[in-house]
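What follows is each chain in one-letter form.
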Amino acid sequence: VEVREVFMYACPHCFNLEPTLQKWLKTKPANAEFVRMPAVFRPTLEPHARAYYAFVALGTLDKLHVPFFEAIHVHRRALNDEASIAKFVSEHGVAAEEFRRAYHSFGVDADVKQAIRLGQSYGVDSVPTLIVDGKYRTNVTMAQGSDNLMKVVEFLIKKAAAERKAASKGAKFIAGGTNLVDLMKVYVEN
């Protein structure tokens, strides 16, 4: 069951939720897959989204994710454009040119466009927001706190898994060629 965090590096609430997420990731249910997705509500947020996906593409997310948050929120660095972000990554042992290539790559372009589309389709209008199984949306405010948020997420994971199990019991496999008559028979039988 996918748990998708929609976040922004510039968001202090996302920064404050990060320790709770890190703790939860150590004990998350085995049937849960955690995915991060930067929010891109407006063009000014694109550099951070590109940075996130470049970190992923370079295999440096674990090394740079939390330090990037800290650079913005603790050290008050203005990391709002490619040049300042490239300088930051070079300070953390990643070649600036390698970062820039990833930052402008086709894959990062596609990931940013997908993040924009998914954010809109999920109706995300604030961050941090967690989407469970692509259909349940929650956040710290709705859950009345970050500790409760993870309890809500775990409840939704169980709910989604139960729904999947119930749906699979009702489905039947049609052997051989599938045609409209066969599909109608399955529909009537169920």
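The structure under discussion appears in the preceding block.
This section reports on the structure supplied with the text. Since the model is a prediction, treat every value here as computed from it, not as a measurement.

**Topic: the overall build of the protein**
A count of helices and strands for the protein gives nine helices and four strands. Counting from the amino terminus, the protein carries its helices and strands in the arrangement β-α-β-α-α-α-α-α-β-β-α-α-α. Within the protein, the proportion of its 190 residues that are buried is 42%. Intrachain contacts of the protein at a sequence separation of at least 6 include 64% that bridge at least 24 residues. In the form shown here, the protein has an accessible surface area of approximately 10800 Å², with 56% of it arising from carbon and sulfur atoms.

**Description of the packing of helix H2 (residues 46-58) against helix H5 (residues 96-103)**
Between H2 and H5, the least distance of the axes is 8 Å, while the angle of their chain directions is 110°. Taken together, the axes of H2 and H5 are roughly perpendicular relative to one another. Note that H2 runs across H5; the crossing there is right-handed. Across the interface between the two elements, Pro47, Arg50, Ala51, Ala54, Phe55, Ala57 and Leu58 from H2 touch Glu98, Phe99, Ala102 and Tyr103 from H5. In terms of residue class, the contact of H2 with H5 is built from nine nonpolar, no polar and two charged.

**What to know about the environment of Lys63**
For Lys63, the location among the structural elements is in helix H3 (residues 61-73). C-alpha of Lys63 to C-alpha of Val94: the two residues are 31 residues apart in sequence and 9.8 Å apart in space. Beyond its immediate stretch of four places on either side in the chain, Lys63 contacts His92 and Gly93.

Conventions and cut-offs
- Residues numbered from 1 in each chain as written.
- Predicted model: local features only at pLDDT ≥ 70, side-chain atom pairs only at ≥ 80, totals over all residues.
- Heavy atoms only, no water.
- Helix = DSSP H or I, 4+ residues; strand = E, 2+ residues; numbered from the N terminus.
- Buried < 20%, exposed > 50% of the residue type's maximum accessible area, 1.4 Å probe, protein only.
- Contact = heavy atoms within 4.5 Å.
- Areas by Shrake-Rupley, 256 points an atom, 1.4 Å probe, with all protein chains shown as cover.
- Axes fitted to C-alpha atoms, helices over the stretch in contact; angles between N-to-C directions.
- Parallel < 35°, antiparallel > 145°, perpendicular 65-115°, else oblique.
- Left-handed = near helix turned anticlockwise from the far one by under 90°.
- Nonpolar A, V, L, I, M, F, W, Y, C, P; charged D, E, K, R; others polar.

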